[in-house]
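Here are the chains, one letter per residue:
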Amino acid sequence: MKALVVDVGWVNGLAAIRSLGRAGIPVLALDHRSSPLGFRSRYAKAIVVPDPAEDEDAFIDAVAATEAPGVVFPTHDPPLNALARNRDRLAGFLFPFPSWEVLEPIQDKRHQLETAIAAGVDVPETRYPGSAAEARAAADELGYPVLVKPRHPDGFKRRFGKQAFRCQTAEEVERAYADAEPFGPMVQDLIPGGDDELYSLGSYLREDGEPLGLFSGRKLIQIPPEIGTCRIGQAVWVQEVVDAGLRLLRELRFHGISQVEFKHDPRDGRYKLMEVNARLWQWHGLASALGVDLPLIAYRDLTGEKVEPVSMNGADDLVWAISLMPGEKPAVPRLPYVDAVFARDDLKPGLVHAARIVRNAFR
C-alpha cells in the first residue's frame, strides 16, 4: 500500500518521505507549491495539489484522485484539519490521527490546557480575556513579559509568521490582543529559561491507547529564539515528560502520531505544557535515527502488521540539526549528528537546499 506525505516544503515532510521510502514503501509527496524540498527526494513521486488553507474541497478531491488505499501523513495543521473534516470523502484511506470529533477540540489550545489540568499535568498561568482591557489587566497580574497566544492557531502563523507575540509592556499587550482577536487570544505567563528548557514527547499510540513508539528530547536552539521552531534538537529521556505527555494524550482520547511539548520552569522545577501537535513535527527525524521511526510504525500498524512497542529510553544525547538555513549562520554540531536535509542516500534535496541558500546570499 502506498503512503501519501502532505505538505513537504520543509524538513518534517522530507524526513517522513525518507522514513517510508527507505522501507520500500511507494510514497507520493503532495504539496501546493511547485518546488518544495520533498519533491527533490528520490524516494517520492511529486504531485502538486491545491492549498488546503485556500481551497479545502479541491485539496480533498486531489487526495481522493490518488486513489485508495493509502496511508496519509500530514505534516502541518491545515492539511491535518482538512483531512480530518473530510474523512467521509476519503473512504479507503488510513490516517494516523483520530476522527474530527476527537481532533477538533484538541486543536483548541484552551481545551489542551484545561484538559491538562484535569489530567494533573502542569500548565503555565493563563488568562482568557474578552477585551483588550482585560488582556492588559491579565498581563499586569501575571507580570511582564507575557505571551499573547492564539487559542485557534490555524491561520495565525500564516498571517503573522510567528506562533505568539512576546509582550514587554501593556501597550504591546493591547496591540497583540487586537491583532490576535480573530484567533481567540490568550495571555500566558512567559516561563523563564532558554530554548534548551523545551522538552518533547514524540509518540505513536495505537487506537486502543497502547504506545507503540516513544521518543523524548529537547530543543537546544530554535529560530527565532523563545518562540520559534527547532533548529538543533537533542535526544534525552525525561521520564516525567513521557509520563505527563501520555497522561494528557489519554485524557484527550488521542491516538496516532503526536508531539507534546513542555517547558521546564526553573522557578519550581516543573514541566509545564506548551502545546500538543497532533501530527508529525519538525524534528521527528531524530526519533527515526534512534529506531523510533514513527511514520513507519504508524504505517505498519494501520495496514494491519503486528508492531512491537519500541522506545529510545537509554539512547540519549544524539543531536539533530538543520545545519544550513537562509539568513542564518551555519550550525554544525559535533559529530556524529543527524542532518535534517543532507543524506548520503538521497543527495538531491541537500544539493538543491544548498544552492538556494547560495543564491539567496548573492541577492
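Because the structure is predicted, anything quoted here is derived from the model rather than measured.

A word on the overall build of the chain
Here comes step 1: Scanning the chain from terminus to terminus reveals 12 helices and 17 strands.
Here comes step 2: The C-alpha radius of gyration of the chain comes to 20 Å, within 12% of the 21 Å expected for a compact globule of 363 residues.
Here comes step 3: Burial status across the chain gives 56% buried among its 363 residues.
Here comes step 4: Here the contacts in the chain between residues at least 6 apart in sequence split such that 65% fall between residues at least 24 apart.
Here comes step 5: When the accessible surface of the chain is totalled, it reaches about 15,400 Å², and 49% of it is carbon and sulfur.
Here comes step 6: Both charge centroids of the chain, one from 43 positive and one from 51 negative side chains, sit 6 Å from each other.

Description of the layout of surface pockets
Here comes step 1: Its boundaries defined by the atoms lining it, the second largest pocket holds a volume of some 240 Å³.
Here comes step 2: Along the walls of the second largest pocket sit 16 residues, with Arg18, Arg22, Gly285, Val338 and Asp339 positioned nearest its centre.
Here comes step 3: For the lining of the second largest pocket, the elements supplying multiple residues, two or more each, are helix H1 (11-22), helix H10 (284-289) and strand S17 (337-339).
Here comes step 4: Of all the elements, H1 adds the most residues to the lining of the second largest pocket, at five residues.
Here comes step 5: Taken together, the residues of the lining of the second largest pocket sort by class into eight nonpolar, four polar and four charged.

As for the pairing of strand S12 (residues 229-235)
Here comes step 1: Counted residue by residue, S12 has six buried out of seven residues, so it is predominantly covered.
Here comes step 2: Note that strand S11 (residues 211-223) and S12 share six bridges and pair antiparallel. Among the inter-strand pairings, Ile221 is bridged to a residue of S12, identified as Ile232.
Here comes step 3: As defined by bridge partners, S12 adjoins strand S16 (residues 319-321) across three bridges and the pair is classed as antiparallel. Counted as the bridge partner of Ile232 is Ala321 from S16.

Observations concerning the environment of Ile223
Here comes step 1: Tracing the backbone through its elements, the reader meets Ile223 in strand S11.
Here comes step 2: Taking the C-alpha atoms as reference points, Ile223 and Gln259, separated by 36 residues in sequence, lie 18 Å from one another.
Here comes step 3: Apart from residues lying up to four places away in sequence, Ile223 is in contact with Gly228, Thr229, Arg231, Met325 and Glu328.

Remarks on the packing of aromatic side chains
Here comes step 1: The final tally for this structure, using the stated rule, is nine aromatic pairs.
Here comes step 2: Ring geometry for Phe156 versus Phe160: centroids 4.8 Å apart, planes at 50 degrees, classification tilted. Of this pair, Phe156 and Phe160 both sit in helix H7 (residues 156-160), four residues apart, roughly one helical turn.
Here comes step 3: On the accessibility criterion, Phe160 (23% relative accessible area) is partly exposed.
Here comes step 4: Among the aromatic side chains, those forming a connected cluster through ring pairs are Phe156, Phe160, Phe165 and Phe183.
Here comes step 5: Over the ring of Tyr43 we find Arg42, and its NZ or CZ is 4.7 Å from the ring centre.

Here's the deal with the side chain of Gln112
Here comes step 1: On the secondary structure map, Gln112 appears in helix H5 (residues 109-118).
Here comes step 2: Ignoring any residue separated from it by four or fewer positions in sequence, one finds Gln112 in contact with Ile106, Leu248, Leu273, Glu275 and Val276.

Re the nonpolar core
Here comes step 1: Phe73, Leu83, Phe215, Leu273 and Trp320 are the most contacted members of the largest nonpolar core, which has 92 residues in total.
Here comes step 2: Here this core gets six residues from one element, more than from any other, and that element is helix H9 (residues 239-251).
Here comes step 3: What Trp320 contacts, discounting residues up to four positions off in sequence, is Val11, Cys230, Arg231, Ile232, Gly233, Gln282, Trp283, Gly285, Leu286, Val338 and Ala340.
Here comes step 4: Counting residues in hydrophobic clusters, the runner-up holds 15 residues, among them Ala139, Leu142, Val146 and Ala180.

As for the pattern of salt bridges
Here comes step 1: Per the stated rule, a full pass over the model turns up 25 salt bridges.
Here comes step 2: Among the ionic pairs, Arg85 bridges to Glu56, the shortest N-O distance being 2.7 Å. Here Glu56 lies in helix H2 (residues 56-65) and Arg85 lies in helix H3 (residues 77-85), a separation of 29 residues in the sequence.
Here comes step 3: When its relative accessible area of 36% is taken as the criterion, Arg85 is described as partly exposed.
Here comes step 4: Under the relative-accessibility criterion, Glu56 is labelled partly exposed at 22%.
Here comes step 5: Between Asp208 and Arg206 there is a salt bridge, and its shortest N-O distance comes to 2.9 Å.
Here comes step 6: Taken together, the shared-partner salt bridges connect Asp189, Asp265, Arg267, Asp268 and Lys272 into one network.

Conventions and cut-offs
Residues numbered from 1 in each chain as written. Predicted model: local features only at pLDDT ≥ 70, side-chain atom pairs only at ≥ 80, totals over all residues. Heavy atoms only, no water. Helix = DSSP H or I, 4+ residues; strand = E, 2+ residues; numbered from the N terminus. Rg over C-alpha atoms; globule rule 2.2 N^0.38 Å. Buried < 20%, exposed > 50% of the residue type's maximum accessible area, 1.4 Å probe, protein only. Contact = heavy atoms within 4.5 Å. Areas by Shrake-Rupley, 256 points an atom, 1.4 Å probe, with all protein chains shown as cover. Lys, Arg positive; Asp, Glu negative; His and termini not counted. Charge placed at Lys NZ, Arg CZ, Asp CG, Glu CD. 1 Å grid on protein atoms, 1.4 Å probe; cavity = no way out; pocket = protein on both sides within 12 Å on 5 of 7 lines; lining within 4 Å. Points joined across faces, edges and corners; volume = space filled by probe spheres on them. Nonpolar A, V, L, I, M, F, W, Y, C, P; charged D, E, K, R; others polar. Pairing = 2+ DSSP bridges. Phe/Tyr/Trp six-rings, centres within 6.5 Å; stacked < 30°, edge-to-face > 60°. Lys NZ or Arg CZ within 6 Å of the ring centre and 35° of its normal. Core = buried A, V, L, I, M, F, W, Y, C linked by side-chain atoms within 4.5 Å. Salt bridge = Lys/Arg side-chain N within 4 Å of Asp/Glu carboxyl O.

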